[in-house]
Structure formats: structure tokens, C-alpha cells
Amino acid sequence: MREADRRQVTVLFADLSGFTALSERLDPEEVRAFQNALFEALAGVIARYDGFVEKFVGDAVMAVFGAPVAHEDDPQRALQAALDLLDASVALGDRWASRLGQAVTLHVGVHTGPVVAGSLGDAAGAAYAVTGDTVNTTSRLLSAAAPGTILASAATHALTRHRFAFEPAGELALRGKSEPIVVHRVLGALAEPQSARGLAALGLLAPHVGRVDEMEQLVAAFERMRRGRAQVVSVVGEAGMGKSRLIAEWLARLDAGGDLASVVIRRAACSSLGEPTYGVFGALFREAYQVDPEDSLAVAREKLAAGLRKLGARAEEAEAIAPVLRYVLGVEEKAPSDIEPEQLRRQIALAARTLVERRVERDPLVILVEDLQWADAASVDLLRDVADHLWDRPLMVLLSHRPEARPPLGARAGQMAIHLAPLSRDETRALVRDLFGSGPLDGMGPLQDFVAARAGGNPLFAEEIVRSLVSRGALVRDGDRWTTSAEWEAADVPPTLQGLLLSRVDRLPADSRRLLQEAAVLGASFEEVLLRDMTTGGVVEAALERLVESDLIRRVGPGRDGALYRFTQALVHEAVYQNLLLARRTELHERAGRALERATRAHPERLGDLEALGHHWSLSADKSRGARYLVTAGDRARAVYANDDAIRHYARALETLSECPGSEAQMCAGREGLADVLGLVGRRGEALVHYEAVQRALADSGDRAGTARMLRKIGGLYWEAGDRERASECFAAGLEQLGDPGDPIERSHLFQEMGRLAFRAGDNAAAIAWAERALREAAGEESAADTGGRDREAAAMRAQAYNTLGVALARTGRLAEAVEQIETSVRLAEGRDLLQAACRGYTNLGVLYSSLDPRRSIETCLRGIATATKVGDLGFQSRLYANLAVAYCALTDQCEVEGVEAAETAIDLDRRLGLLDHLAVPLIVLGQIHQCHGEHARAFASYEEALALAEKAGEPQLLFPCYDGLATLYLDAGDQPQAEAYLAKAQAVCERAGLEPDALMVLPFLC
Ligand SMILES: Nc1ncnc2c1ncn2[C@@H]1O[C@H](COP(=O)(O)OP(=O)(O)OP(=O)(O)O)[C@@H](O)[C@H]1O
Ligand SMILES: [Mg+2]
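Note that this is a predicted model, so its numbers are computed, not measured.

**Student:** In this structure, what is going on with the site of ligand 1? I would like to understand it.
**Tutor:** The local shell around ligand 1 holds 20 residues, among which Gly240, Lys243, Arg245, Arg402 and Glu463 are the closest. Gly198 is positioned with one of its backbone polar atoms (N or O) 3.1 Å from an oxygen atom of ligand 1. In this structure, His208 approaches ligand 1 through a side-chain N or O atom, which is 3.4 Å from a nitrogen atom. Protein chains shield 94% of the accessible area of ligand 1, which is 630 Å² for the free molecule. Where the shell around ligand 1 is concerned, the elements lending two or more residues are α7 (243-256) and α16 (459-471). For the shell around ligand 1, the residue count by class is seven nonpolar, five polar and eight charged.

This is how it looks when you write it as C-alpha cells:
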């Protein structure tokens, strides 16, 4: 019994118009006899296209194409079946006309969409059925179809319009749906079916990319054939890999070189419905002698004889072929043959050889058979026979087929297989780029990467992914240019590929298929050990081997206790996963989670394992367990400064938690972690929202230390944005929250922050006092606090406090002591791997060293930049670049180029991040450099912008250099009064701050 699954199918409903009236009029036995005849006829047609008769009800039949087994062309099969059903019903009606006393007509509805397919209920013998809205919609289409017509939905139309003619049939309202659906009437099969391949209908044409060696191989085989050595060449590759395209390009190339002038080409393409015995040869000869399938045997014989005469054959030759002609031409005739089977085979072979031989005597001949995997075995044998027999003639048998088919293996003719491997990543990228070749496309780079990653080197997949992006409106044409719109990354398996992908899976034996589904839950790559542990099936080896043989998965290396495997195609992985019922996915994710917990002995260390555990559990019934792992993964990622990953894990944890009632505490932890990283990478607005939410929640639950911590972090955000007043309010509010008995570490944190703020406001005495208080407060805590990360937290605070102390000392002229304190801070931070605290130390040391030892200063700044880059802290990068610029200036020979560059980098970072608190600094540095090199206009501009910011901040260490710099600039420009006015302002700043001008000149920017 087949387990239930989710899949895209094409549903067909057909019933008789006027059946009720018929059954009222006729005897029930007569009705029943007719019904039996009708059902038999309909079932025959449906079976021909490998459809599944889901049920007969009254006079109606419901058939499904794509379940239980998918085909790559299910929608086409359904429409072809629908047309045949109409024909069959007409034929039946004719036979029954006298007994029924009226004509009967079928009407049909066809629709393609998702369903759940499987046995309904657990009872033994439960019927296989499909359910879902797709079925209801099809039944609506049926009711709307007039007698004798077929109505198809837009979804089916889109997948089949290359092979069938349609006319629009308006819209159809559906119960319970606000939007009506668009409907098309099927007119018949197109006389000249188009290829479904390529995006020409969208105005997109891809030039042929790559395949250079393969092309050379074909050209070389052609040359050998021309020299009189028969060649059997097969082009092998998975569906869509580009076999037909390669052959078409090769023919075009020969043609362009004039090499086809005297060459005869015969083509046949095998049908996915399978070929009758000798079907391929029949097609080749019908093409050669222009025999129509409807021609009678007599007409066919005449055409063949005429053709042979033209080739200079003798009359006996045509005669000799006559008894087997209908086989050779595939012309239908009911009469059984009276020749022995073996004798018949030999005669057919002889006839085929003769026909080909006559042709080859005249001109070189290329026999092209596409899709050999669907050919009949007799034709394949015959191809080998002919090639071997004519091994020394200019004959080339060129075949294209999928890897599962076996090409004919001859003994004498030259033999070669050209295997088409997936295109490289770059080739696929080129394919996508060339598709949009004519016009520019915004966001092209990411789109190319996205398609290349998903297509896995299969050009058809690449095209169909693009097609589905267009049909979902994610890629939009605007005049001659294409633009991408939002959400194009949220992709699914293109509807055009669903059948193709699933058909490979449906062909597998049950145990392999089941194992593949379980593997798909583990992920696009998966460890054997986990699969063994989670599987509900029996022996894994054979099933796994089978999957490797089918090229659905590959061994890619060693894993824990076994191999690591990967799905060969990302899209196959997705299709298999989506094939699973939601309930089964949930159950399997739990099994995967448990397997991974066992594999890590419940102590997952690797970030990848934590991430995977978070993934599996958050998709299981125990979501909050998933969220716990995700928060831990976020913490772990943050600890190694993988900021983007951390943000992703936290955000996913929050999403998962929003579905778990009663998880407020976990929610707070996740939000705080997320906000910390968001603040770090400059997304302050988002960080603020999270901190404030957490603050409210903690305040409500009476967690004072936690509330104070949030206030401190919120204050930090305001400060960075240049709003010191609010920052100070937040810190004060935090201290108030804590009260006297409050958490000492948190209190020292707040003291330290107050000290830092006092320092920046120019109150160095207060800064020293706050910092010392912070260190005292934490001193008692340190020995006790060695658990739960509190010791690290305490160390971080102390590193910051030494720093604050150091900069305040520096500003009051106690330079040696200052350096000592900050070096202590850096040692402490480095020892504990507190990289952010270390960055602050490097920043300040860079400044302090710059007057004493510029080279050491440069070294320190560069080290700081490397650390800040590792941490991903753009704010410190900017400060360090500004200080680097100062240090370069001290070394006059490097001032101009490196100095300007460093200052501009800092300015750029500050502007991008909105770090108004710092932007004045690099502007002043740039002003000084320009001034130094006589670039007065540029210097003016920089100072003016800096001054506006400095006045807003009211910070002496910013104001003084602006006033001082502008005073000198005016002096140089001969504007005495202005110069004096600025000098006065500069002096006033010093007096207010109680500092010597030197203290502000030498050590301009400490933090
Ligand atoms: N090297 C290539 N460069 C650009 N486009 C390609 C390339 N190879 C194939 N394509 C395009 O990809 C699509 C699939 O190619 P094609 O039809 O030749 O595949 P196939 O291997 O013959 O598949 P099937 O087994 O289903 O017959 C076509 O639209 C084709 O134009
Ligand atoms: Mg092909």
C-alpha cells in the first residue's frame, strides 16, 4: 500500500451529458450494460496514458495523472486522454445509437494542482484516493463544460499550451473563493507541437554556454563518419542537461560551415508513452518516404517503391521488403503475420539494412534518434544491426538519452558516449546573465547566484526557475529591462518541474523511496549515522546504495560514524520534502532531533549541530525545545562574532516562540541577544524596539537587575545616536531601579557608564570618581562570581572601567598613569577574549601613543581595526580609522595619501551608520590634514560640518579643535576679526572645562 503524500497532479473529470434522462427512459439492465461498455472504453483510454482511475460514479469518471506515479508530462497526458475520451464516447455512441435512441456526448474538466494522495483510512483494501481543493475545482470545470467540450484551468493551460490549441472560455466563479478562475476550452492537439523548452515566449533567449569539448567530440565523430567509418554516438545526460540543445547547436554549426550540403539527416523522437515494436524505425522510414500514419498499406507501398526507384534500387528489392513493409513503416494492419517470429525478425532486419544501405550509397547519412530511453527494444537492436552491417560506410547513428537507458552496443561500428555533466556554477551564472542579455537588470548578481545554486548545473532547471520567478511576479519586465521585485528568494519547486522531479522518486522501490524522504527531512546534506538512527524502515545499506546508483544522492565525504551524503540536486531535495505530508514531516523532524541529540550525547558543541537541532525541533511538535537550541546557537554565533548568523538564529527563535504560549522568559532572552547583535552592526532602531519590549516584560515580572541592564543598554543606544541627555537619564533610572541592595555587577556597569559619560562631557574628576567606584564595587564580587558567565561579565565591566579611568587621567595630564590603566584594560580584555572591550583599549592607546611613538600608534590602530573587523563592530572601525589618520599625520610623509584615506573611511562609516556622536572626529582630522597641506577650501568645509555637530554635542574635545582650526584658517586668509572671534571661543572652551589648550590639542579624541 502506498503511503499518503502531497503532490501536484492533473485531475480529469468526464461524464455523459443527459445520462439522467437516459436512465429514466431505459430499462435498468440496459443502462447497466451501457455503463459497463462506457467504463471499459474510458478506462482503456486512461490506462493508455498511465492515468489512474480514481472512481466511477454513475456516468462519471474521475482520473488522476501524476499519482500514484508521476510523469514529467502528466498535464499533457491528461489532455490527450481527454481528447481520446471524447472520440471513444462518440464511437461508443454510434455503436449504441439504436439501443439508446439518442446520441451520447461526454464533457470533460481538467485542472492541475496540489492534492493529498493515498489510501483513505487504515482498513485493509482501503481505496487509493486523492483529496483537496484541486478535485473540487475540477468538478466545477466539468459542470461548466458544454456537451462535447473540454474545459481546462489556467494552471493546466500554462503547462500544456505548447502542444494543444485552446480558446479562451471566460471565467468561472468558485464557491468559497473571492477570485474567479480563468478557463480555456481545449480545441485539439497542435499540428506542429512546440517545444516546452526555452523561454522564447518571455522574450528571453539563452545563447549556448559551455559544452566546448562535447561539441568537438561530435565534430570529430562526424569527420570519421565522412571518411567512411560508421559511428554510433550517444549523448547521455539527465533530463534537461542539454542533449537536444547540444545536437541542435552542432547541426547548426555544420550547416553554417556548409558541411551538411550533401548529408542526409533522418530524425525520430521517441514518445514518453513508449513506442510500439519497431516504432522508431517506422518513424524514420515514414519520414524518409513521406508516408502519413493514415496512409493505407497500398499507398505506403507505392510511396516506398517510388522512393527506392529514385535511389536507383532494383524492383526486386522493393518486392523483397513487401511482406514486412507494415512493420518497417509502422502502418497499422490488424491481420496476424503468417511468418515465424524469428524468420520475421531476420526479414525485417534485412529490409531495414537494405533501405539504409541504398541511402548511404548515395550520400552520407545521419540517423538522429532522440530520447532513446523510450524506444522499443526491437528498434534499438535493429539500429545496432544496421550500424554494424554498414560499418564501413558514411553512416552516423546519433542518439540522445537519459542515463538509465542502454545504448545499442555494436561490434564493428565506431562507438562513443558523450556524457553531459552539470554546467559549472560560472556557466550557469553566464546562462542566466545571457538570458537577460539585452537590457540591464537590477539585482542581477544575487539573482544569478540564486538560480545557479538551485539549478545545480542543469540548464533546464535554470530556465524553469526563471520562468517560475516571472510567473510569480518576482521578475518583472518593464519596457526592455527586467527588474526584480521583493521576495524572489522565497522560491518553491517550479510547477513545470514537479512531475519530472517526482517521477524519478516514484520509480524507486518502496524502501529506497521512504529512506529518501527521511533523508530529505535531515537536509540537503545528511549524515548516514543520523539517517540510520531515525529511519523507521529496515536495512539501510541496500536502499542507500540504490539511491546512489540512481544518482539522487552522492557520498561527499566522511561524517560522524559513517559517510556524509548530499542530494545531487537541490530541487530533488525540495521536491521530496514537499512530497511529505505535514504530519509526517513533523514526526520525522522530531525523530531527526532525537537522533542528533543521541549523536551528540545530549551535549551539542558544534554550531552546526545546535543550528540543526533548532531547525528540527522548531518544526516538530516540541517547538519551544527548538527555540532553546536556536537561542543557544545565536549565543554561540555571537560569541565568535558571526553576527549575521546570530541574527538569523535569534530571529528564527523568536518566530518559533511566537507559536508557543507561556514562553515569555525565553522570548526575553532571545530578544536581548538579538538586540545586542543588532546594536553591534548599527541597526539601532530595531535593537531599541527589542530592548524596550524586554525592559517592560522584566519590569512587570519584578526583575530589577534585568530592568537596569536593559536601561543601560538602551542608554548606550541613545548615546551612540548622539543623545547624551537621554542616555544619562537611562543610566540614572537604571541605578534607581537597582537600589542599594541591587546586583553589584550591574551597578558597577552603570557606574562605569556614568563615568564614561562624565568624561565625554569634560568632567574628568567625576569620571575618575565613577570609574573608581565601579572598580571598588566589583572587587568584592569577583572572587564569588565564577559561575554562569558572571565572572566574564565582571571582567568586561572592569576592562571598561580601567579604560574610563585611563582616558580621564590622560585628559588631566597624568599621561603615564593613563597608559598604564588602559594597558591593564587591554590585557584583561585580551585574556578573556573580550574583543569589544579590547577595541576600545586599542582606540585609546592609538591616540595616547600617537604623540609619543607614531609607529606604535599606527600598529595599535591596525591591530584594533583587525579586531573590530572580526567582531563586526563598525563603530569601532570608524573610531580606529580616525585615529589611524591622526597617527599617519604625525608621520608627515604618509599624511596626505594614507591619512586622507583613513579619515574618509571613518567619515563614510559614520555617515552610513548614523554615528553622529563620532562623525565630527574624522571630519576634524580631515580638516587638519587639508589645512596642513594648504587645501584651505576643503579644510573649511570639513571644519564647518564638524563644528555644527560639535556644538550640538557641546563636547570640549570636539569644540576646541574646530574653533582652533577655524581661527588659524581665517588668520591665513587675512581675516583678523574672524580669527580673533574663534580664538576667544577656543579659550572659553578650555576655561569652562578647566583644561590647558595643550591637553585638548595633543589628545584630541579619546573614548
Ligand atoms: N549549454 C546550454 N546553454 C544554454 N542553454 C542550454 C544549454 N543546454 C541546454 N540549454 C537549454 O536548457 C533547456 C533543456 O535542454 P534540452 O532540451 O537540450 O535538454 P535535454 O538534455 O535534451 O533534456 P531531455 O532529456 O528532457 O530531452 C533547453 O531550453 C535548452 O535550450
Ligand atoms: Mg531532449
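**Student:** What is the right way to read the pairing of strand β11 (residues 365-370) from this model?
**Tutor:** When a strand is regular, its side chains alternate between the sheet's two faces. Within β11, six of the six residues are buried, which leaves it mostly tucked inside the rest of the structure. Taking every second residue as pointing to the same face, both faces of β11 are buried, with Leu365, Ile367 and Val369 on one and Val366, Leu368 and Glu370 on the other. Of the strand pairs in this sheet, strand β10 (residues 264-269) and β11 are connected by six bridges, and their pairing is parallel. Paired with Arg266 across the two strands is Ile367, which belongs to β11.

**Student:** Can you walk me through the pattern of salt bridges in this structure?
**Tutor:** Pairing is possible between side chains of opposite charge, provided their charged atoms come close. All chains considered together, the criterion is met by 66 salt bridges. Notably, a salt bridge pairs Arg77 with Asp73, separated by 2.7 Å at the nearest N-O pair. There is no split in this pair, since Arg77 and Asp73 are both buried. Each member of the salt-bridge network shares a partner with another, and the members are Asp635, Arg638, Glu672, Asp676, Arg709 and Lys713.

**Student:** Please explain the sheet that holds strand β12 (residues 395-401) as it appears in this structure.
**Tutor:** Whether parallel or antiparallel, the strands of a sheet pair through hydrogen bonds between backbone atoms. Spatially, β10-β11-β12-β9-β13 is the arrangement adopted by the five strands of the open sheet, whose pairing is parallel. The sheet is open, and its two borders are formed by β10 and β13 (414-419), each paired with just one other strand. Looking at each pair of strands side by side, their axes are set apart by 15° on average, direction ignored. Sheet topology places strand β9 (residues 231-236) next to β12; six bridges connect them, and they run parallel. Along β12, the bridge assignment pairs Val232 with Val397. Helix α6 (residues 212-226) rests against β9, β11, β12 and β13 of the sheet, and its axis sits at about 165° to β13.

**Student:** How should I be thinking about helix α4 (residues 133-144) in this particular structure?
**Tutor:** Residue pairs three or four apart in sequence face the same way in an α-helix, which turns once every 3.6 residues. Under the 1.5 Å per step criterion, the end-to-end length of α4 is 17 Å for 12 residues, consistent within 8% with the ideal 16 Å. For α4, the complete set of buried residues consists of Thr134, Val135, Thr137, Thr138, Leu141 and Leu142. Projection of α4 onto a plane perpendicular to its axis shows the buried side chains occupying an angular sector of 165°, all on one side.

**Student:** Could you clarify how one ought to interpret the packing of aromatic side chains in this entry?
**Tutor:** Two aromatic rings are characterised by how far apart their centres lie and by the angle between their planes. Under the definition given, this model contains 11 aromatic pairs. Plain terms: the ring middles of Phe34 and Trp96 are 5.2 Å apart, the flat faces sit at 65° to each other, and that makes the pair edge-to-face. Highlighted residues: Phe34 in helix α2 (residues 28-48) and Trp96 in helix α3 (residues 74-100), separated in sequence by 62 residues. Aromatic pair Phe526 and Tyr565: ring centres 5.7 Å apart, planes at 15°, arrangement stacked. Of the two residues, Phe526 is situated in strand β16 (residues 525-527) and Tyr565 in strand β18 (residues 562-567); the sequence distance between them amounts to 39 residues. Members of the aromatic cluster, connected to one another through ring pairs, are Phe940, Tyr963, Tyr970 and Tyr982. When the ring centre of Tyr577 is taken as origin, the NZ or CZ atom of Arg585, which lies over that ring, is 4.8 Å away. The ring of Tyr849 has Arg856 lying over it, and the distance from NZ or CZ to the ring centre is 4.2 Å.

**Student:** So what exactly am I meant to see when it comes to the side chain of Arg684 here?
**Tutor:** Relative to the helices and strands, Arg684 resides in helix α27 (residues 684-700). Sequence-distant contacts of Arg684, that is, excluding residues within four places in its chain, are made with Leu678, Leu717, Glu720, Ala721, Leu913, Gly914 and Leu915.

**Student:** Looking at this structure, how should I read the sheet that holds strand β17 (residues 553-559)?
**Tutor:** Strand order in the open sheet formed by three strands is β16-β18-β17, with antiparallel pairing between adjacent strands. One side of each edge strand has no neighbouring strand; the edge strands of this open sheet are β16 and β17. Put simply, the sheet's adjacent strands are angled 30° from each other on average, direction ignored. Strand direction decides the pairing type here: β17 and β18, joined by six bridges, are antiparallel. In the sheet register, Arg555 faces β18, and the bridge partner there is Tyr565. Here helix α20 (residues 541-549) sits on the sheet in contact with β17 and β18, set at roughly 120° to β17.

**Student:** In this structure, what is going on with the packing of helix α28 (residues 704-720) against helix α30 (residues 744-760)? I would like to understand it.
**Tutor:** When two helices pack together, you describe them by how their axes are tilted relative to each other and by the distance separating the axes. One can describe the packing of α28 onto α30 by two numbers: an axis separation of 10 Å at closest approach and a directional angle of 20°. By the angle between their directions, the pair α28 and α30 is classed as roughly parallel. As for how α28 packs across α30, the hand of that crossing is left-handed. Judged by residue contacts, Ala705, Ala708, Arg709, Arg712 and Trp719 of α28 engage Glu746, His749, Leu750, Glu753, Arg756, Leu757 and Arg760 from α30. Here the residues of the contact of α28 with α30 sort into five nonpolar, one polar and six charged.

**Student:** Would you mind going over the environment of Val694 with me for this structure?
**Tutor:** Its location among the elements puts Val694 in helix α27. Taking relative accessible area as the criterion, Val694 reaches 1% and is therefore assigned buried. In this structure the C-alpha to C-alpha distance between Val694 and Ala665, which are 29 residues apart in sequence, comes to 9.3 Å. Residues contacting Val694, with those up to four places away along its chain left out, are Cys668, Arg671, Glu672 and Met710.

**Student:** It is not clear to me how helix α38 (residues 916-932) should be interpreted in this structure. Could you clarify?
**Tutor:** For α38, with 17 residues, the first-to-last C-alpha span of 25 Å sits near the 24 Å given by 1.5 Å per residue. Most of α38 is tucked away: 14 of the 17 residues are buried. Count one or two residues on from α38 and you reach Gly934, which has phi positive near 70°.

**Student:** Any chance you could explain the side chain of Ser618 here in plain terms?
**Tutor:** You can see Ser618 is positioned in helix α23 (residues 607-618). Setting aside its immediate chain neighbours within four residues, Ser618 contacts Lys623, Gly626, Leu630, Arg652 and Thr656.

**Student:** Looking at this structure, how should I read empty space enclosed by the protein?
**Tutor:** Where empty space is left becomes clear once a probe the size of a water molecule has been rolled over the atoms. Within this structure, the stated rule accounts for five cavities of 30 Å³ or more. When its volume is computed, the largest cavity comes out at roughly 70 Å³. As for the largest cavity, its lining consists of Arg760, Thr843, Arg879, Asn883, His918, Val921, Gln957, Phe1005, Leu1006 and Cys1007. Residue assignment for the lining of the largest cavity shows that the elements contributing at least two residues are α36 (874-890) and α38. Here the residues of the lining of the largest cavity sort into four nonpolar, four polar and two charged.

Here is what the cut-offs are and how they apply
Residues numbered from 1 in each chain as written. Chains lettered and ligands numbered in written order. Predicted model: local features only at pLDDT ≥ 70, side-chain atom pairs only at ≥ 80, totals over all residues. Heavy atoms only, no water. Near = heavy atom within 4 Å. Polar contact = N/O pair within 3.5 Å; in protein donor to acceptor, adjacent residues only side chain to side chain. Areas by Shrake-Rupley, 256 points an atom, 1.4 Å probe, with all protein chains shown as cover. Helix = DSSP H or I, 4+ residues; strand = E, 2+ residues; numbered from the N terminus. Nonpolar A, V, L, I, M, F, W, Y, C, P; charged D, E, K, R; others polar. Buried < 20%, exposed > 50% of the residue type's maximum accessible area, 1.4 Å probe, protein only. Pairing = 2+ DSSP bridges. Salt bridge = Lys/Arg side-chain N within 4 Å of Asp/Glu carboxyl O. Axes fitted to C-alpha atoms, helices over the stretch in contact; angles between N-to-C directions. Contact = heavy atoms within 4.5 Å. Expected span 1.5 Å × (residues − 1). Arc of directions from axis to C-beta. Phe/Tyr/Trp six-rings, centres within 6.5 Å; stacked < 30°, edge-to-face > 60°. Lys NZ or Arg CZ within 6 Å of the ring centre and 35° of its normal. Parallel < 35°, antiparallel > 145°, perpendicular 65-115°, else oblique. Left-handed = near helix turned anticlockwise from the far one by under 90°. 1 Å grid on protein atoms, 1.4 Å probe; cavity = no way out; pocket = protein on both sides within 12 Å on 5 of 7 lines; lining within 4 Å. Points joined across faces, edges and corners; volume = space filled by probe spheres on them.

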